Amino acid sequence: MPEHDHHAPINPAAVPARLRSLTSRLLGRGALHAERISNAHLATAGATRWHYSALVTLRDSGPASQAALSERTGIHRSDMVAVLGGLADARYVERTLDPADRRRNIVTITPAGRDHLSALDRLVDESQEELLAPLTSAERAELVRLLRQLDDHHSAR
């Protein structure tokens, strides 16, 4: 049976205990909630999580080739072309030929891109607050620690 992007609202109390105790199911549902909330916040600025990932990576790691950006963000190379095209059209990034290898582009965040990213950072912070509202700051830190541990373990495989 195919998965659908849209899920019917559920009453958590009506879900069988076995399903409510499956970590993989809870992580999947948490990911759906996180994606829905963050997409809604970013959309108010005409952005996607991929735009945000590319801009953060360029700001924090400096200019990079499209291939390096793909590797650092986890965005597939073929998708990265479209992401960067949209960001370049908006003048948030600049692509220039690499003087060391004229077959590839080096991508740099522009001043307008930095300003846009500042606005996106605020939206992402708001989305995190909405997502994590029922948790204390200590619980939030522990959740991040545990999720990072899982991600690091499975990403290394």
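Residues numbered from 1 in each chain as written. Predicted model: local features only at pLDDT ≥ 70, side-chain atom pairs only at ≥ 80, totals over all residues. Heavy atoms only, no water.

Can you tell me about the overall build of the protein, naming the residues and giving the values?
Each helix and strand counted, the protein has 7 helices and 3 strands in total. Mapped in sequence order, the helices and strands of the protein form the string α-α-α-β-α-α-β-β-α-α. Taken over the C-alpha atoms alone, the protein extends approximately 60 × 35 × 35 Å along its principal axes. Contacts in the protein between residues far apart in sequence, at least 24 positions, make up 47% of those at least 6 positions apart. (Helix = DSSP H or I, 4+ residues; strand = E, 2+ residues; numbered from the N terminus. Contact = heavy atoms within 4.5 Å.)

I'd like a description of the nonpolar core, backed by residues and values.
Core analysis: the biggest nonpolar cluster contains 21 residues, and Tyr 52, Leu 55, Leu 58, Leu 69, Leu 87, Leu 117 and Leu 120 have the highest contact counts within it. Only helix H3 (49–61), helix H5 (77–89), strand E3 (101–109) and helix H6 (111–131) provide two or more residues apiece to this core. A per-element tally of this core places H3 first, with 5 residues. With residues near it in sequence (within four places) discarded, Tyr 52 still touches Leu 42, Leu 117, Leu 120, Asp 121 and Val 124. (Core = buried A, V, L, I, M, F, W, Y, C linked by side-chain atoms within 4.5 Å. Buried < 20%, exposed > 50% of the residue type's maximum accessible area, 1.4 Å probe, protein only.)

Can you lay out H6 for me, pointing to particular residues and giving the numbers?
Here H6 contains 21 residues, and its C-alpha end-to-end distance of 30 Å stays within 8% of the 30 Å for a straight helix at 1.5 Å per residue. Among all positions in H6, only Gly 113, His 116, Leu 117, Leu 120, Asp 121, Leu 123, Val 124 and Ser 127 are buried. Where H6 is buried, its residues meet helix H2 (23–43), H3 and E3. (Expected span 1.5 Å × (residues − 1).)

Could you give me a rundown of the packing of helix H4 (residues 66–73) against H5, with the residues and numbers involved?
In the contact formed by H4 and H5, the axes pass within 9 Å of each other and the chain directions differ by 110°. By the angle between their axes, H4 is roughly perpendicular relative to H5. Packed against H4, whose contacting residues are Gln 66, Ala 67, Leu 69, Ser 70 and Thr 73, the element H5 presents Arg 77, Met 80, Val 81 and Leu 84 at the interface. (Axes fitted to C-alpha atoms, helices over the stretch in contact; angles between N-to-C directions. Parallel < 35°, antiparallel > 145°, perpendicular 65-115°, else oblique.)

So, the sheet that holds strand E2 (residues 93–98): which residues are in play, and what are the values?
Across the sheet, 3 strands lie side by side as E1-E3-E2; this open sheet has antiparallel pairing. With partners counted over all chains shown, the strands left at the sheet margins are strand E1 (64–65) and E2, one partner each. Where E1 meets E3, 2 bridges bridge the pair, whose relative direction is antiparallel. Note on E3: the bridge partner recorded for Ala 64 is Val 107. The strands touched by H5 are E2 and E3; relative to E2, the strand with the most contacts, the crossing angle is about 115°. (Pairing = 2+ DSSP bridges.)

So what's going on with the pattern of salt bridges? Which residues, and what values?
Any two side chains of opposite charge can pair if their charged atoms end up close together. Taken as a whole, this structure holds 7 salt bridges when the rule is applied. Glu 35 serves as the salt-bridge partner of Arg 49, at 3.4 Å between the closest nitrogen and oxygen. Within this pair, whereas Arg 49 is found in helix H3, its partner Glu 35 is found in helix H2, the two being separated by 14 residues in sequence. Its relative accessible area of 37% is what places Arg 49 among the partly exposed residues. When its relative accessible area of 36% is taken as the criterion, Glu 35 is described as partly exposed. With a shortest N-O distance of 2.7 Å, Arg 59 and Asp 60 are connected by a salt bridge. A relative accessible area of 53% places Asp 60 in the exposed class. (Salt bridge = Lys/Arg side-chain N within 4 Å of Asp/Glu carboxyl O.)

Quick one: what's the story with a nonpolar patch on the surface, residue by residue and with numbers?
A contiguous nonpolar patch, built from Leu 27, Leu 143, Leu 147 and Leu 150 and spanning about 300 Å² of accessible area, is present on the exposed surface. Counting residues per element, the nonpolar patch draws most heavily on helix H7 (residues 137–155), which supplies 3 residues. Note on placement: Leu 150 falls in helix H7. Residue Leu 150 is classed as partly exposed on the basis of its relative accessible area of 40%. (Patch = residues over 30% accessible without salt bridge, like charges linked within 9 Å, V, L, I, M, F, W, Y side chains within 5 Å. Areas by Shrake-Rupley, 256 points an atom, 1.4 Å probe, with all protein chains shown as cover.)

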